[in-house]
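# Secondary and tertiary structure notes
Chain by chain, the residues:
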Amino acid sequence: MTTDPAGPTATTAPATAAGEAATAPAEAVSCTGLTYAFGETRAVDGLDLGVRQGEVFGLLGPNGAGKTTTIRCVTTLLPVPAGMVRVFGHDAAKERMGVRRLLGYVPQQLSADGGLTGRENVALFARVFDVPRRERTARVDQALAAVGLSDAAERLAGTYSGGMVRRLELAQALVSAPRLLILDEPTVGLDPIARTGVWEHVNAVREATGMTVLVTTHHMDEADQYCDRVGLMHRGRVRALGTPEELRRGLAERKGTDTLPTLEDVFRDVAGSGLDDNTGGGFREVRSTRRTARRVG
Ligand SMILES: Nc1ncnc2c1ncn2[C@@H]1O[C@H](COP(=O)(O)OP(=O)(O)OP(=O)(O)O)[C@@H](O)[C@H]1O
Ligand SMILES: [Mg+2]
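Since the model is a prediction, treat every value here as computed from it, not as a measurement.

### Some remarks on the coordination of the magnesium ion (ligand 2)
- Protein-derived coordination of the magnesium ion (ligand 2) comes from Thr68 (OG1) and Gln108 (OE1), at a distance range of 1.9 to 2.2 Å. You can see threonine 68 sitting in helix 1 (residues 67-74) and its partner glutamine 108 sitting in the loop between strand 6 (103-106) and helix 3 (118-128), a full 40 residues away along the chain.

Here it is as structure tokens:
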């Protein structure tokens, strides 16, 4: 594992060189020196990150760490003003459509329309993402089945529970059969059973298709249980990176203790007092700040 305050190095594979051909990329996502500022605020500040093909990678961090901004650069919704972002070898700055075709994205904000049925919502995404017309009906059915919403497909999304809404958004992202699924806080505001439901559906699709998953979450227990590797992000950079086990054992070794610390302990160690600064509160506060259930009007 790596806990270099200047950024992770040891466990990341070498970034793809700028001039290298876009064939046989080593990584699903590769960010090198990514920097993005909103005015004076450097939301992302020289971020290096490598997500391996086929893994579930968790990007963790407190409010304002820069997770969503990073993800929006990867999805090409934001430009890449400085540094390099590649998705399966495609340059996000130069090949925006090529990148978009490879990914499914569930944003932090609501992306389902409460006035449409579940099926209509997924069908809309199938059209937007250019699923061939003759395949659309079957693919929409498949996506709804993959998230356990076949029986609720004809109901208005506005009548869904928070967990169902999140699974509907998952179906929207899956309908284009993405190689990379990006989930920005997929379980925020959900009860434990609904959270497990979201993860089980993600994992089932991943096992069936081999897709790569990049996810942000504030739930350290989820990251511990479901992510192959995690990057702990703070103030615009990844400050530590490894498997949850590596990170926890690394802290135990540094502290000289036999008791295995939690991932939250690791994060507190890496981010130090910065967790309580004006970037917006720690993990405990943030868990209660949003409620998915009231997001559909
Ligand atoms: N549209 C915007 N305009 C101005 N500042 C922004 C904008 N979006 C994000 N920021 C700022 O950029 C920084 C990083 O925000 P970002 O949303 O990427 O963090 P995050 O890690 O996703 O946080 P959260 O856990 O709350 O979702 C914060 O300081 C935030 O206030
Ligand atoms: Mg965010």
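### Notes on the packing of aromatic side chains
- This structure, assessed with the given rule, holds three aromatic pairs.
- Each ring, one from phenylalanine 125 and one from phenylalanine 129, has its centre 6.1 Å from the other, and the planes form 15 degrees; the classification is stacked.
- Looking at phenylalanine 125, the relative accessible area reads 18%, which means it is buried.
- Relative accessible area serves as the criterion here: at 33%, phenylalanine 129 is assigned to the partly exposed category.
- Relative to tyrosine 226, the ring of tryptophan 199 lies with its centre 4.7 Å away and its plane at 5 degrees, an arrangement referred to as stacked. With tryptophan 199 in helix 6 (residues 192-209) and tyrosine 226 in helix 7 (residues 220-226), this pair connects stretches of sequence that are 27 residues apart. As far as burial versus exposure is concerned, tryptophan 199 and tyrosine 226 are alike and both buried.
- If you follow arginine 179 out to its NZ or CZ, it ends over the ring of phenylalanine 88, 3.9 Å from the centre.

### Some remarks on the pairing of strand 8 (residues 212-217)
- Buried residues dominate strand 8, accounting for six of its six residues.
- Residues Thr212, Leu214 and Thr216 of strand 8 are buried on one face, and the alternating residues Val213, Val215 and Thr217, pointing to the opposite face, are buried as well.
- Pairing of strand 3 (residues 56-60) with strand 8 involves five bridges; the strand directions are parallel. Opposite leucine 60, over in strand 8, you have threonine 217 as the bridge partner.
- Handedness of the crossover joining strand 7 (residues 180-184) and strand 8 through helix 6 is recorded here as right-handed.

### Some words on the pairing of strand 4 (residues 82-87)
- Here strand 1 (residues 27-38) runs beside strand 4; their pairing, made up of five bridges, is antiparallel. What sits directly across from threonine 32, in strand 4, is methionine 84.
- Where strand 4 lies against strand 5 (residues 90-91), two bridges are found, and the strand directions are antiparallel. Along strand 5, the bridge assignment pairs valine 87 with histidine 90.

### Overview of the environment of arginine 237
- Looking at the element boundaries, arginine 237 is found in strand 10 (residues 237-242).
- Note on arginine 237: relative accessible area 23%, which makes it partly exposed.
- Placed 192 residues apart in sequence, arginine 237 and aspartate 45 show a C-alpha to C-alpha distance of 5.9 Å.

What counts as what
Residues numbered from 1 in each chain as written. Chains lettered and ligands numbered in written order. Predicted model: local features only at pLDDT ≥ 70, side-chain atom pairs only at ≥ 80, totals over all residues. Heavy atoms only, no water. Donors = N, O, S within 2.8 Å, 3.2 Å for Na, K, Ca; no water. Helix = DSSP H or I, 4+ residues; strand = E, 2+ residues; numbered from the N terminus. Phe/Tyr/Trp six-rings, centres within 6.5 Å; stacked < 30°, edge-to-face > 60°. Buried < 20%, exposed > 50% of the residue type's maximum accessible area, 1.4 Å probe, protein only. Lys NZ or Arg CZ within 6 Å of the ring centre and 35° of its normal. Pairing = 2+ DSSP bridges. Right-handed = clockwise from strand over helix to strand, strands pointing away.

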